[in-house]
Amino acid sequence: MYGRKRYQLVKDFASGEKGHLKPFNVKEQIREWKMEHEGLDVHSNRNADHYGALVHHLSLILNKRCLMAYVHNRADIVRDLAWRVGLELLDLPPEIQDKLTTLEKEYFKNHSVAIKSYMGKVGIELNVDMVPPKDPYIKIRVVGEIDQGIVISDKTTNFTRHSMHFLKRTDAEPYIARGQMEELAG
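For the structure given in this document, a descriptive report is provided here. (Residues numbered from 1 in each chain as written. Predicted model: local features only at pLDDT ≥ 70, side-chain atom pairs only at ≥ 80, totals over all residues. Heavy atoms only, no water.)

## What to know about unusual backbone geometry
Okay, step 1: Here His162, not a glycine, exhibits a phi torsion of approximately 70°, which is positive.
Okay, step 2: Tracing the sequence through the fold places His162 in the loop between strand 3 (155-157) and strand 4 (164-168). (Helix = DSSP H or I, 4+ residues; strand = E, 2+ residues; numbered from the N terminus.)

This is the structure:
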C-alpha cells in the first residue's frame, strides 16, 4: 500500500512532545519505498496513459516531502538544544545523545561553532539567559564539584560544595546550566 510508512513517520513525529527527540527511524520507510519501486515495471507498461507510473512518481514526491519535513523538524530540535542545554555536545544528556545520528551530532557541533564564533566577534554571550532578568544578581548554592580559584567578575572565588553566594546572573548561568549550581528563590 502506497504511503503507509510515510503516514506512520509523520504521525509519530506529530504525536510526540514538542521539542523532544525520538530515535531516528527512517530505514523502514526507505525499505517500503524500495519495495514499491521494485514492484512497478514502468518500461513494460503498455498503457498509453501511464497512470501507474504517474501514481508511482507522485507517491515518490510525497515520500520525499514527508522525509524532508521529518529531517527538518529534527534539525530544528537539534538547533534548539544548542540554545537550551549548551553549546558543547558533552553538555547534552546521554539519553539525548543516543537519539542523535552521527550527522545530527556533526550538525550540532558545526552550529555550536558558528554561534561561538559570532559571540566571540560581537563580544556578547547570547545563550546565557533567554528571559530578561528582574534582578542582575542572584543567590546560588554550589551543588556540584567546581574547580578551585575560579575568576568571576575580576575576583577569585572559592566555590566549596554547599556554599552559598550572591553572584551576577551572567556569571552563574553557565554553572547552573551544567548542574553545578542551583538558584535559590527569594
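Having put the structure on the table, let's press on.
## Observations concerning helix 5 (residues 102-122)
Okay, step 1: In this model helix 5 runs 30 Å from its N-terminal to its C-terminal C-alpha over 21 residues, within 8% of the 30 Å that 1.5 Å per residue would give.
Okay, step 2: Considered for burial, the residues of helix 5 that qualify are Glu104, Phe108, His111, Ser112, Ile115 and Met119. In a view along the axis of helix 5, the buried residues occupy a sector of 100°, so they form one face of it. Pointing more than 90 degrees away from the buried face of helix 5 are the exposed residues Thr102, Leu103, Val113, Gly120 and Lys121.
Okay, step 3: Its buried side turned inward, helix 5 meets helix 3 (51-84).
Okay, step 4: Once helix 5 ends, the next one or two residues include Gly123, with phi positive near 85°. (Expected span 1.5 Å × (residues − 1). Buried < 20%, exposed > 50% of the residue type's maximum accessible area, 1.4 Å probe, protein only. Arc of directions from axis to C-beta. Contact = heavy atoms within 4.5 Å.)

## Describing the packing of aromatic side chains
Okay, step 1: Counting across every chain of the model gives two aromatic pairs.
Okay, step 2: Measuring from ring centre to ring centre gives 5.8 Å for Tyr137 and Phe166, while their planes differ by 15°; the resulting arrangement is stacked. Remark: Phe166 occurs in strand 4 and Tyr137 occurs in strand 1 (residues 137-142); sequence separation between them is 29 residues.
Okay, step 3: For Tyr137, a relative accessible area of 37% gives the class partly exposed.
Okay, step 4: Their ring planes at 40° and their centres at 6.5 Å tell us that Phe159 and Tyr175 sit as a pair that is tilted. Of the two residues, Phe159 is situated in the loop between strand 3 and strand 4 and Tyr175 in helix 6 (residues 169-178); the sequence distance between them amounts to 16 residues. Per residue, the accessibility class of Phe159 equals that of Tyr175, and both read buried. (Phe/Tyr/Trp six-rings, centres within 6.5 Å; stacked < 30°, edge-to-face > 60°.)

## Points about the sheet that holds strand 4
Okay, step 1: Taking strand neighbours across the sheet as the criterion, the three strands line up as 4-1-5 in an open arrangement whose pairing is antiparallel. A single partner strand is all that each edge strand has here, and the edge strands are strand 4 and strand 5 (181-183). When strand polarity is set aside, the average angle formed by the axes of neighbouring strands in this sheet is 40°.
Okay, step 2: Strand direction decides the pairing type here: strand 1 and strand 5, joined by three bridges, are antiparallel. Its bridge partner being in strand 5, Ile140 is matched across the sheet by Glu183. (Pairing = 2+ DSSP bridges. Axes fitted to C-alpha atoms, helices over the stretch in contact; angles between N-to-C directions.)

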